[in-house]
Amino acid sequence: MEVDRTTAEAPHGAAKRAPGRRLRRKRLITAWLFMLPLIVVNVLVILGPSVATVYFSFTDWSGIGSADWVGLQNYTEIVADADFWLALMHNLIWTAIFLTVPVGMGLLGAFLLSQITRFQMVFRVLYFIPYVIASVVNAALWQNILDPTRGIGSVLATVGIPYLDGVSFFGSERLALPAVAFVENWHWWGFVVLLFLTALQSVDKELYEAAKMDGANRWQQFINVTIPGIRATLVFVVLITIIGSLLVFDYIYIITQGGPAGASEVVGTLMYKEAFARFEAGYAAAMGLGLSFMSGLVILVFLYLRRRGWEI
Amino acid sequence: MHAKISRRQFLEKGGRAALGVGFAGSLLAGCGGGGSGGGQVTYWSNLEGSGPQAYFKKSIEKPFEKANKGTDLKVTFQPPDEMDRLVRTALQGSEGPDIIMTPGPAYAQEYIDANLFAELDEYSKEYGWDDMLLGWAIDLGRYEDKLYAIPYQLQTMLLYYNKTVFEDKGMLPPKDRDELEAMAEELQGQGITPFAAGIGDDPAAIEWYPTVFWNHYSGPDALYQALTGEIPFSDPVFVDAIELFNNYVQKGWFGGSQEKFFSNGFDALHADLGDGKAGTNVEGSWFLSNIEDFFKESGDTWDWAPLPPLRSGVPAELYELGIGSTLSVNASAEDTEGAAAFIDYLVADKKRAAEWMAAVPSAFNAPLPFTESDFPSSMDERVARQLSALSQATNEGNFGYTAWTFWPAKSDLYIQEEMQKVLTGDITAAEFCEGLDEEFTKERKEGAVPKIIKPAGP
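Engineer: Explain the overall build of chain A to me, please; I cannot follow it from the model alone.
Structural biologist: From N to C terminus, chain A includes 13 helices and zero strands. Written out in order from the N terminus, the α and β elements of chain A read α-α-α-α-α-α-α-α-α-α-α-α-α. Whereas a compact globule of 312 residues would reach a radius of gyration of roughly 20 Å, chain A reaches 27 Å, over 25% beyond that. Dimensions of chain A, computed from the C-alpha atoms along their principal axes, are close to 110 × 70 × 30 Å. Burial analysis of chain A (312 residues in total) assigns 35% to the buried set. Here the contacts in chain A between residues at least 6 apart in sequence split such that 67% fall between residues at least 24 apart.

Written out as C-alpha cells, the structure reads:
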C-alpha cells in the first residue's frame, strides 16, 4: 500500500515542529523583552530627537516659540554659505592631519612597543594617560604651555633658544588650526598605539619567520606582513578618524572657539554658534543633518567595500 | 552678553556642551519648574563661587522667606554663560523657573514675543517701581507700553590703571584722545604694554572694543540714530572709530601685538596689569569684583577712570550702559505674586541692595539712583565712586550703549565674529560696518532690536 507520506508524516512532523515553534516564539519574546528597555531609551533619546531635527531643519525655528515651515530654504542657504564651506574645508584639513599624524605615530609606536618586553606596560600606561584626561584639562594644560608670554617659548628663550618666544600659537590665523590639532593629537595618538599594538600581537609570528627566510627586510616585513595582518584594525581607525574629524567640536571650541577670525572654525563649532548664539536652530539642524549625511556616506562606502569582499 | 565673560568659563562650556540635553534635563528635573505650587517660587541665579552663593542663601533667601511668610524660595545656581541655553531649553518644555533671568533686553524681547513672560504693571504699581527705579530702567523693560522685565546687574566700561606705575612716571589718566595716545606711546616706549588686552579665553569679548570706540569716538547720539535706523552703521563716523581701534591694535598697544591680542587669556592680562607689565586695561565694571587679587603679589595699587572722549563733541564723562541681566516672571508661574515680590525684594530697596553690592561686588547692581553716601563704609571707596557715578550719569541721560545690551543677537554675534577679521586684515573697517548695517537692518525689520532709550544729547 502506498502511503501518503505527506499525510502520514504530517502529524509526526507537526508534533515534532510544534514545540520548536513555541520555543522559538518564547525565545523571541524573551529576546524582545530584554531589548525593550534599550529600544525605549533609543526611541526617546535618539529616534525622537532625530525625527525632530529633520523636521526643524525645514523650519525657521529660533529655539523657542513656533516654527514656520520654510521648505528647503535652510539647505539652499547652506550651499551658498561661505562660512560653512570654509568650516568644512577645515574639517577636511583636520581629517587629513588625523589620517596621517596619529595613524603614523600610532603604527610606529605600536611597532616599537611590540619589539620590547621589559617596561612595555609602563609605556602603554604613559601613552594612554592623555586619552583618559578630560578635554578641558588637556586644553588648559596646552594653553598654558603654549602661552606666548608665559609659556614654553619664553622659558626656552631664557636658555638661549629664542625661536618660539612670543609665538602666539592659538592667536595666529596660520597656526591656530594645526596648533589645536596638535593638542588633540597628543590626547588621541596613545589610544591608536594601543589599538595597533593589540592587532600586532595577533599577527602570526611564523609569517615573519617565513618572510625572513624569503629575504624580506624590516620594511618589507612591515608592508607585506604587518599591514595585511592589522588591516581590519587599520580600516577601523581610518573609519573612526574620518567620522570623528567630521564631528570634531570640543578641543576647538574650548581653545579657540573657531578663531581667530574663523581660522579654526569647523562645522561643529559653526553649528553650535548658529543654534545658541544666532538662535537659528532650524538652520543649525540642517547643518547637523548635512554632517550626519557625510558621516553616513563614509559608513556606506565602508559597508560597500566589505560586501565587495574587502577584508576590512 | 558679556558680564561674565571676564572669566575662563569657556573651558567649562565645552565639557558642559558635551553633556548636552541630558545634563540640562537632569538640571530641570532637579529644579522643579513653573509647575511648583503652594507658594513656592523658583529662581535660577547666575551667581558664581561658593562665597557669593552662601551669602545669597544666608542674606537674601532666608530673610526674604522670613519677610514673606508662606513663600518658599527655591534657588538654583546656574553657570552664567549657560543660563540662557538652560532657560531656553526649559521654556521649550513649558518648564523653567518662576523668575526668569535673561542676558539682556534683546533676549527678553524674544521671550515676550513668544508670550512666555507675565505682565508686571500691576506689581509695578503695587510696589512703586516707577518711583524707585531709574527711569530708563523701567523704560527698557516696557514692550508696547507693558512692563515685562526689570534690568538688573548694571555694568559699564571703565579704564583701569596701575596707579603705582602712573605715579612713578608722573602720569595721569588721559582726558582726551591726544592724552591717551601720548600715554600709550610713553608706556610702550618704556616696554610697558599700554592696554592689557586679549580675547584668548573668550573671543566674544572683542565686542568690548567696538562698544568703547563707537561710544567714545562716534558718540552716543550717533549710536542712538543708528540703533533707531536714522543713519546707517556704514556712516564714516562708525567706520573711523573701527579704523582707530584697528590702528591701535596693529601698533601693539592692545595686548602687545595683534596675535597676542587673540591669544592672551584674562588671568594673564590681569596679572600684567597687576604687576605693572601693562599700564591700563579697558574692561567692564565687573572687573571690580576681583581686581584686587591681581595686585596682591606686586603690592601696587589700582584705580579706575572714565574712558576719555576720542573726538570733540563726545561727552567727557560718558558711561556706556550694560545690562548684565533682566528679571521677569514666567507666564506659567503658579505664584506670580510671590515671584514679583522676590523681584521687588531683590531690586527695589536701596539700603538692602547697597549692602549686598558691598558684600559681593558687581553681582547685585540694581537700577536705583544711588549716591556714594548710600553705600556702607565697608565698601571700597573706588567701587562706591564707580557705582554712584554710573547711577547719576545714567539718571541724567549721560549714557552710551553696549553691544551685548542694545544690539539684537545676530548683529551682536556679527560684531564678535567679523571684528576679528578687521584686525587680521581679512576685511576692511568699511566692509565690516557695511556688513553690520546689512545684518542690523534685517533684524530691525524683524522687530528684533530692543527698546533704545534716548541719551540726554549734547
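Engineer: Help me out: how do you make sense of the overall build of chain B in this one?
Structural biologist: The helix and strand inventory of chain B stands at 20 helices and 12 strands. At 21 Å, chain B has a C-alpha radius of gyration in line with the 23 Å of a compact globule built from 458 residues. Across its three principal axes, chain B shows a C-alpha extent of roughly 65 × 50 × 45 Å. When burial is assessed residue by residue, chain B has 55% of its 458 residues classed as buried.

Engineer: Mind showing me how you'd approach the interface of chain A and chain B here?
Structural biologist: Each side of the interface is counted separately: chain A has 32 residues, and chain B has 32 residues. If you list the elements that add at least two residues to the side of chain A that touches chain B, you get helix 5 (135-145), helix 11 (250-255) and helix 12 (267-276) of chain A. Take the side of chain A that touches chain B: its biggest share by element is five residues, from helix 5 of chain A. Grouping the amino acids of the side of chain A that touches chain B by side-chain chemistry returns 15 nonpolar, 11 polar and six charged.

Engineer: I'm lost on the nonpolar core in this one. Help?
Structural biologist: Where a protein is soluble and globular, its nonpolar side chains tend to be buried together. Counting residues in each nonpolar core, the largest one holds 185 residues, and the members touching the most others are B:Ile99 and B:Phe342. Contact partners of B:Ile99, with chain neighbours within four places excluded, come to B:Val41, B:Tyr43, B:Leu327, B:Val329, B:Ala339, B:Phe342 and B:Ile343. Counting 14 residues, the second largest nonpolar core, distinct from the first, contains A:Leu107, A:Trp188, A:Ala199 and A:Ile230.

Engineer: I tried to follow the sheet that holds strand 8 (residues 193-196) of chain B on my own but got confused; where do I start?
Structural biologist: What holds strands together in a sheet is hydrogen bonding between their backbones, with the strands either parallel or antiparallel. Residues and elements named next belong to chain B. The sheet built from four strands is open, its strands ordered 8-9-7-10 with mixed pairing. A single partner strand is all that each edge strand has here, and the edge strands are strand 8 and strand 10 (302-305). Between one strand axis and the next, the sheet turns by 25 degrees as a mean value, whatever way the strands run.

Engineer: Can you walk me through the environment of A:Ile242 in this structure?
Structural biologist: Residue and element names in this part refer to chain A. Structurally, Ile242 is set in helix 10 (residues 231-246). Each C-alpha atom of the pair Ile242 and Trp94 lies 9.1 Å from the other, and the pair is 148 residues apart in sequence. Those residues in contact with Ile242 that lie beyond four places of it in its chain are Thr95 and Val298.

Engineer: Teacher, can you tell me more about the packing of helix 12 (residues 236-250) of chain B against helix 20 (residues 429-445) of chain B here?
Structural biologist: Helix-helix packing: each pair is described by the crossing angle between the helix axes and the interaxial distance. All names here are of chain B. Contact geometry for helix 12 and helix 20: axes closest at 9 Å, N-to-C directions at 130 degrees. One element, helix 12, and the other, helix 20, form an angle in the oblique class. The chirality of how helix 12 crosses helix 20 is right-handed. On helix 20, the residues that touch Phe238, Val239, Ile242, Glu243 and Asn246 of helix 12 are Ala429, Ala430, Phe432 and Cys433.

Engineer: In this structure, what is going on with the confidence of the model for chain A? I would like to understand it.
Structural biologist: In low-pLDDT regions, the fine details of the predicted coordinates are not to be read closely. Of all residues in chain A, 93% attain a pLDDT of 70 or more, and the chain-wide mean is 89. Taking the mean pLDDT of every element in chain A, the minimum, 79, falls on helix 1 (residues 5-56) of chain A and the maximum, 96, on helix 2 (residues 73-79) of chain A.

Engineer: Help me understand unusual backbone geometry, please; the structure alone is not making it clear to me.
Structural biologist: Note: most peptide bonds trans; most residues except glycine with negative phi. A cis amide bond, omega -5 degrees, links A:Gly259 with the succeeding residue A:Pro260. If you check the backbone angles, A:Phe119 has positive phi at about 65 degrees while not being a glycine. If you trace the backbone, A:Phe119 turns up in the loop between helix 3 (82-114) and helix 4 (120-132). Exposure remark for A:Phe119: the 10 C-beta atoms within 10 Å place this residue in the exposed category. Positive phi outside glycine occurs at B:Glu144, with the angle close to 50 degrees. Inspection of the secondary structure puts B:Glu144 in the loop between strand 4 (142-143) and strand 5 (146-147).

Engineer: Explain the pairing of strand 10 of chain B to me, please; I cannot follow it from the model alone.
Structural biologist: One face of the sheet, then the other: side chains in a regular strand alternate in exactly this way. Residue and element names in this part refer to chain B. Burial along strand 10 is one-sided: Trp302 and Trp304 are buried, while Asp303 and Ala305, pointing the other way, are not. Pairing of strand 7 (residues 157-162) with strand 10, which is carried by four bridges, proceeds in the antiparallel orientation. In the sheet register, Asn162 faces strand 10, and the bridge partner there is Trp302.

Engineer: Looking at this structure, I do not really get the confidence of the model for chain B. What am I missing?
Structural biologist: Residue and element names in this part refer to chain B. The predicted model of chain B has a mean per-residue pLDDT of 88, with 91% of residues at 70 or higher. For residues 1-38, every residue scores under 50 in pLDDT, and the model assigns this stretch 82 contacts once sequence neighbours within four places are set aside. With a pTM of 0.80, the predicted complex shows an ipTM of 0.75.

Engineer: Which parts of the structure should I look at to understand the environment of B:Tyr345?
Structural biologist: All names here are of chain B. Topologically, Tyr345 is positioned in helix 15 (residues 336-347). Note on Tyr345: 19 C-beta atoms within 10 Å, which makes it partly exposed. Placed 284 residues apart in sequence, Tyr345 and Glu61 show a C-alpha to C-alpha distance of 10.0 Å.

Engineer: What should I look at first to understand helix 3 of chain A in this one?
Structural biologist: Each α-helix winds once per 3.6 residues, and so residues spaced three or four apart point in a common direction. The terminal C-alpha atoms of helix 3 of chain A lie 47 Å apart, and with 33 residues this matches the ideal 48 Å at 1.5 Å per residue to within 8%. Along helix 3 of chain A, the largest kink reaches about 25 degrees and is centred on A:Phe98; proline A:Pro102 follows within four residues of it.

Basis of the calculations
- Residues numbered from 1 in each chain as written.
- Chains lettered and ligands numbered in written order.
- Predicted model: local features only at pLDDT ≥ 70, side-chain atom pairs only at ≥ 80, totals over all residues.
- Helix = DSSP H or I, 4+ residues; strand = E, 2+ residues; numbered from the N terminus.
- Rg over C-alpha atoms; globule rule 2.2 N^0.38 Å.
- Buried ≥ 20, exposed ≤ 12 C-beta atoms within 10 Å, placed from the backbone.
- Contact = placed C-beta atoms within 7 Å.
- Nonpolar A, V, L, I, M, F, W, Y, C, P; charged D, E, K, R; others polar.
- Core = buried A, V, L, I, M, F, W, Y, C linked by C-beta atoms within 7 Å.
- Pairing = 2+ DSSP bridges.
- Axes fitted to C-alpha atoms, helices over the stretch in contact; angles between N-to-C directions.
- Parallel < 35°, antiparallel > 145°, perpendicular 65-115°, else oblique.
- Left-handed = near helix turned anticlockwise from the far one by under 90°.
- pLDDT = per-residue confidence, 0-100.
- Expected span 1.5 Å × (residues − 1).
- Bend = angle between axes of the 7 residues up to and from the residue.

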